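Residues per chain, in single letters:
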Amino acid sequence: MNNPYLGLSDKSFWKKAVAEKRPESLDNIYTKKFLISQSDHIATAGSCFAQHVSRSLKSNGFKVLDKESCDYSANYGNIYTVAQLLQLAKESIGEIPISNIAWEKDGNFIDALRPGAISSPINSSDEVTEHRLQHLQAVRSVLKELDVFIFTLGLTEAWIRRKDKVVFPSAPGVIAGKFNDKVYKFKNYSFDSIISDFKEFFRIVKAFRGGKGFKTILTVSPVPLTATASKQHILVANTYSKATLRAVAAKLSERSSIDYFPSYEVVTNPRYYQGSYDSNLRTVKQSTVDNVMKYFFLEHCPFESINTIPSEDLDIQCEEQLLEMYSDLQNNQLITSETRKCHHTEIIGDSHMNSFVKALKTYVGHQFANDFCIVDRRVIKNGINPKKAVQTKDICTFANDGSAKNIKLNKFAKNAREQVERFETSKRTRLIFVGGLMGDYFLRFHGTFTEKMSPEIPMISCINEIPELFDSKITQRLTYAKRIIQQALTCLQPKDIRWIVSPLPSESCALIRFGSIYLNSNSQIVYNTYFNELLDRILGDYIKAGIILAQPSTSISDTGFSLDKYAIRVGTDDVHLNEDYFRESIPNILSR
């Protein structure tokens, strides 16, 4: 029998999309409506949950406006209602004057329109006014410069001053001030009034910007109300508030310039069984926040930070591999102005490149130095940009401050710069990525990893026990790889792109780092299985195209780690594998 539900994807059915899915593995819950570029200026505002969004964006390389050194783009504190947002916009551009906003607290004063924003005591109401004028100037700058506005809808309830309709985020007498029901009244905004206020906000901000529009992403805060003055039970009041705001977001996001991101749905997913909140059932756990932002970054891929290298990527074992590789390269540079070729292969990777490059040199022979440009990915400014060959201007320069860290970084940068200089007049016709997905990244996904420290890896018996942190980090990493490959495909054919997945540490290395109990628990088999499932789900098309080259199962032992015959130093805690491991895959890597 024919019906309109036949042929719909799994995301349309509760059982398949929710009941049978881990909260960390929801498919197609969010599809972006528009791109956010690395040059876009992002402004953030809203309820307390918006602070998490702002911090995550900053830490992932997005250009978030920060005019007053705080969690939001300006120090306006929590903006719980759209009426408060509209009021701030009007006040900042001079449409409405607001006075008498200094409330007394313990002999000092606060700005009642942003009661939690200023931590240091303010001694007088005049000083409150002075601070506010400076703040409004910062808000004007935000409104003028933003390209993308991310706003978290928090509440429908507010308190207003009867005589001039000024909206306050907190009732007088709660944090500061004195309550008088003849001066202040409770307001619970309706769907229509919130829609109207938002449209008015868009109108006046666009006019202030000289007609220049902007993109908007709306979210609804999953944090419940602390209290309600609506006379209803708090559960009923909270449901009204969130349902109204969710409906508002749905209506507004019918516009092409407004997107909705489902943070509320991810956090309140019944599969969490209250596990998304702390014991007070209001504070969202950091692990849940990370899961929420994972879905955002699956669509809006993170940008790597400028001139930064994660500290865990600078352990001694990795340094040794890179230094040895560059030393060998310098000893084997055969290229001259007479023999310079018109095309070359660019290899970008991490410390696993040392063994790979050794195997490659053995296979290619004396022409290696003429054909291959080797670059450590961690000294490339702004992260990897596969749309063009790396140039000397793309290599970082680190401060000469005498620190051991920067001395090492400048050495790596110098070596990479020398490699790039030799090929700047040559055309890049092939691109090979080495490492950066599994391997020792598996260790980093679980916590701090150095040559002296190993994270404690939870022992598990099935995929449902996979830790949220591991799932979140590995998903982000695979999504990052997907973005890089997509960009590479804009200028190269699939046959000209290869990504070699980092191999797992050897069995003897794992025994030293994690002990025999973990090694014999079969936990690593489960982690490997889950990784391969994610790899196939996120990068399956590129595996089929021969771009992604995963670790062969024949190189993995029964414990889930690499066979000891491939260890770079058997019986040590070094996570790297030797050239024999890579040698077997070179023909496949170079096939076109």
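Residues numbered from 1 in each chain as written. Predicted model: local features only at pLDDT ≥ 70, side-chain atom pairs only at ≥ 80, totals over all residues. Heavy atoms only, no water.

Peer 1: I keep staring at the sheet that holds strand E8 (residues 215-220) and nothing clicks. Help me out?
Peer 2: To summarise the sheet geometry, strands pair through backbone hydrogen bonds and adopt either a parallel or an antiparallel arrangement. In spatial order, the strands read E1-E4-E8-E9; together these four strands make up an open sheet with parallel pairing. Unpaired on one side and paired on the other, strand E1 (42-46) and strand E9 (258-260) mark the two borders of the sheet. Neighbour to neighbour, the strand axes of the sheet diverge by 20 degrees on average, direction disregarded. Bridge count for E8 against E9 is three bridges, and the pairing is parallel. Bridging from a neighbouring strand, Leu218 pairs with Tyr260 of E9. (Pairing = 2+ DSSP bridges. Helix = DSSP H or I, 4+ residues; strand = E, 2+ residues; numbered from the N terminus. Axes fitted to C-alpha atoms, helices over the stretch in contact; angles between N-to-C directions.)

Peer 1: What should I look at first to understand helix H4 (residues 125-145) in this one?
Peer 2: Residues spaced three or four apart along an α-helix face the same direction, because each turn holds 3.6 residues. In a regular helix each residue adds 1.5 Å, so 21 residues correspond to 30 Å; H4 covers 30 Å between its end C-alpha atoms and thus fits that length. Residues of H4 that are buried include every one of Val128, Arg132, His135, Leu136, Ala138, Val139, Val142 and Leu143, and no others. On the buried face of H4, the contacting elements are E1, helix H3 (82-92), strand E2 (102-105), strand E3 (108-111) and helix H5 (191-208). (Expected span 1.5 Å × (residues − 1). Buried < 20%, exposed > 50% of the residue type's maximum accessible area, 1.4 Å probe, protein only. Contact = heavy atoms within 4.5 Å.)

Peer 1: When you look at the pairing of strand E12 (residues 427-434) in this model, what are you seeing that I'm missing?
Peer 2: Where a strand is regular, its side chains alternate between the two sheet faces. The element E12 is extensively covered by neighbouring structure, given that six of its eight residues are classed as buried. In terms of strand pairing, strand E10 (residues 343-349) meets E12 through seven bridges, oriented parallel. Residue pairing across strands places His344 opposite Arg428, the latter belonging to E12.

Peer 1: Would you mind showing me how to read the nonpolar core here?
Peer 2: Considering soluble globular proteins, one finds that nonpolar side chains tend to be buried as a cluster. Counting 74 residues, the largest nonpolar core has Ile347, Phe356, Ile374 and Leu539 as the members making the most contacts within it. Look past the residues within four positions of Leu539 in its chain and what remains in contact with it is Leu478, Ala481, Lys482, Ile485, Leu534 and Ile548. In this structure, Ala43, Val82, Val139 and Phe214 belong to the second largest nonpolar core, which totals 44 residues. (Core = buried A, V, L, I, M, F, W, Y, C linked by side-chain atoms within 4.5 Å.)

Peer 1: Help me out: how do you make sense of the packing of aromatic side chains in this one?
Peer 2: Two measures describe an aromatic ring pair: the distance that separates the ring centres and the angle between the ring planes. For the structure shown, the criterion picks out 26 aromatic pairs. Taking 4.6 Å as the distance between ring centres and 35 degrees as the angle between the ring planes, the aromatic pair formed by Phe433 and Trp499 counts as tilted. Here Trp499 lies in strand E13 (residues 497-500) and Phe433 lies in strand E12, a separation of 66 residues in the sequence. Here Phe433 falls in the buried class, since its relative accessible area comes to 2%. Ring pairs connect the aromatic residues Phe149, Phe151, Phe198, Phe201, Phe202 and Phe214, which therefore count as one cluster. Its guanidinium or amino end placed over the ring of Phe208, Lys144 lies 4.2 Å from that ring's centre, counting from NZ or CZ. A cation sits over an aromatic face here: Arg246 above Tyr260, 3.8 Å from the ring centre. (Phe/Tyr/Trp six-rings, centres within 6.5 Å; stacked < 30°, edge-to-face > 60°. Lys NZ or Arg CZ within 6 Å of the ring centre and 35° of its normal.)

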